[in-house]
Every structure is written in structure tokens, then in C-alpha cells.
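Residue-level structure breakdown
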Amino acid sequence: SGVSAFCLHPGVIRTELGRHVEGWFPLLGALLRLPALLLMKTPREGSQTTVFCAVTPGLQELSGHYFSDCAEKEAAPEGRDDDVAWRLWEESARLVRMKGTW
């Protein structure tokens, strides 16, 4: 079809999503703020694997593969389990009231 699809993990990104945790658990948010600043990726750093998969010439031969930190990696066992994948598909289709399945 000429379309490539990749599964990727951008990493743990320092975004504004943490504001929701801080609202529920202010002390926890304060305790995690400093380690988060030191350990989490910036949004720019987190986008690099997505950009890598989108623009790297010749990568289309690896369509369907898993990437992390701009490199092909092996997915976790759960990510390679066809039965788990089918159950996820079925439940997702049910939740969005999608008619029919593959």
C-alpha cells in the first residue's frame, strides 16, 4: 500500500499532564517534581523516535516493528502475544461501538 506503520515508545515525557496528579495529591506532586525534571525527557527529546520513524530512508522495510530511543527494539512479551492483541482489539471495538471486526 506504500504506507508504513510503526509502534514506538517515546519515553516518559515532561509535559503538563502532571498537573492533574498535583491537583489530587499536592504533596506527591511536590515530591516528584525534582526527580521528574532530572529524569524525564523534554517534549523535543520525546518526539525524536517519532521523527526518526517518519523521515529515515529505507525504514519502510521495518513497517510493523517496535522502536524506542530511535532504534528498533523487541517489544515486551505482552506486545507480541496475538491472543492479547485480539482481546484488546475486540474490547476497543466494543467500547467505541464499532460494528464488525477484522
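The structure reproduced in this document is the subject of the present report. Per chain, the residues get numbers from 1 upward, laid out in the order the sequence is written. Only residues with pLDDT of 70 or above have their local features reported here, since the model is predicted, and side-chain atom pairs are shown and tallied only from 80 upward, although totals for entire chains, interfaces and linings are computed over all residues. For side-chain calculations, the full set of non-hydrogen atoms in the structure is used, while hydrogens and water are omitted.

This part covers a negative patch on the surface. Nonpolar side chains (Val, Leu, Ile, Met, Phe, Trp, Tyr) within 5 Å and like charges within 9 Å form the patches, drawn only from residues with over 30% relative accessible area and no salt bridge. Computed with the Shrake-Rupley method and a 1.4 Å probe, the accessible areas treat only the protein chains shown as cover for residues. Any Lys or Arg side-chain nitrogen located within 4 Å of an Asp or Glu carboxyl oxygen qualifies as a salt bridge. When charges are counted, neither His nor the chain ends are considered; positive counts come from Lys and Arg and negative counts from Asp and Glu. A charged residue contributes its charge at one atom only: NZ of Lys, CZ of Arg, CG of Asp or CD of Glu. A contiguous patch of negative charge, built from Glu78, Asp81, Asp82 and Asp83, is present on the exposed surface. Within the secondary structure layout, Asp82 lies in helix H5 (residues 82–95). Classification of Asp82 as exposed rests on a relative accessible area of 65%. Put simply, DSSP marks the helices as runs of H or I at least four residues long and the strands as runs of E at least two long, and each gets a number from the N terminus on. For every residue, the accessible area obtained with a 1.4 Å probe (protein chains only) is divided by the maximum for its type, and the residue is called buried under 20%, exposed over 50%, and partly exposed between those limits.

Right, let's talk about the sheet that holds strand E2 (residues 66–68) for a bit. Two strands form a pair only when DSSP identifies at least two bridges running between them. The 3 strands are arranged E1-E2-E3 in an open sheet whose pairing can be described as mixed. The open sheet terminates on both sides in strands that have one partner only, identified here as strand E1 (7–9) and strand E3 (71–73). Geometrically, the sheet is characterised by an average inter-axis angle of 40° between neighbouring strands, direction not taken into account. Inspection of the sheet shows E2 paired to E3 by 3 bridges, in the antiparallel sense. Along E3, the bridge assignment pairs Phe67 with Glu72. The convention used is that axes are lines fitted to C-alpha atoms, helices contributing only their stretch in contact, and that angles between N-to-C directions extend from 0 to 180 degrees.

Take the packing of aromatic side chains next. Only rings of Phe, Tyr and Trp enter the pairing, Trp through its six-membered ring, and a pair is recorded when the two centres are within 6.5 Å. The plane angle decides the type: under 30 degrees is stacked, over 60 is edge-to-face, the rest tilted. If you walk through the whole model with that rule in mind, you get 2 aromatic pairs. Ring geometry for Phe6 and Phe67: centres 5.5 Å apart, planes at 85°, overall edge-to-face. Within this pair, whereas Phe6 is found in the segment before E1, its partner Phe67 is found in strand E2, the two being separated by 61 residues in sequence. The partly exposed category is assigned to Phe6, whose relative accessible area is 22%. Classification of Phe67 by relative accessible area gives buried; the value is 1%. A centroid spacing of 6.1 Å and a plane angle of 55° characterise the contact between Phe52 and Phe67, whose relative ring orientation is tilted. Taken together, the residues span a long stretch of sequence, with Phe52 in helix H4 (residues 48–55) and Phe67 in strand E2 at a distance of 15 residues.

So, on to a nonpolar patch on the surface. Together, Leu27, Leu28, Leu31 and Leu32 make up an exposed nonpolar region whose accessible area comes to about 410 Å². Along the polypeptide, Leu27 turns up in helix H2 (residues 26–39).

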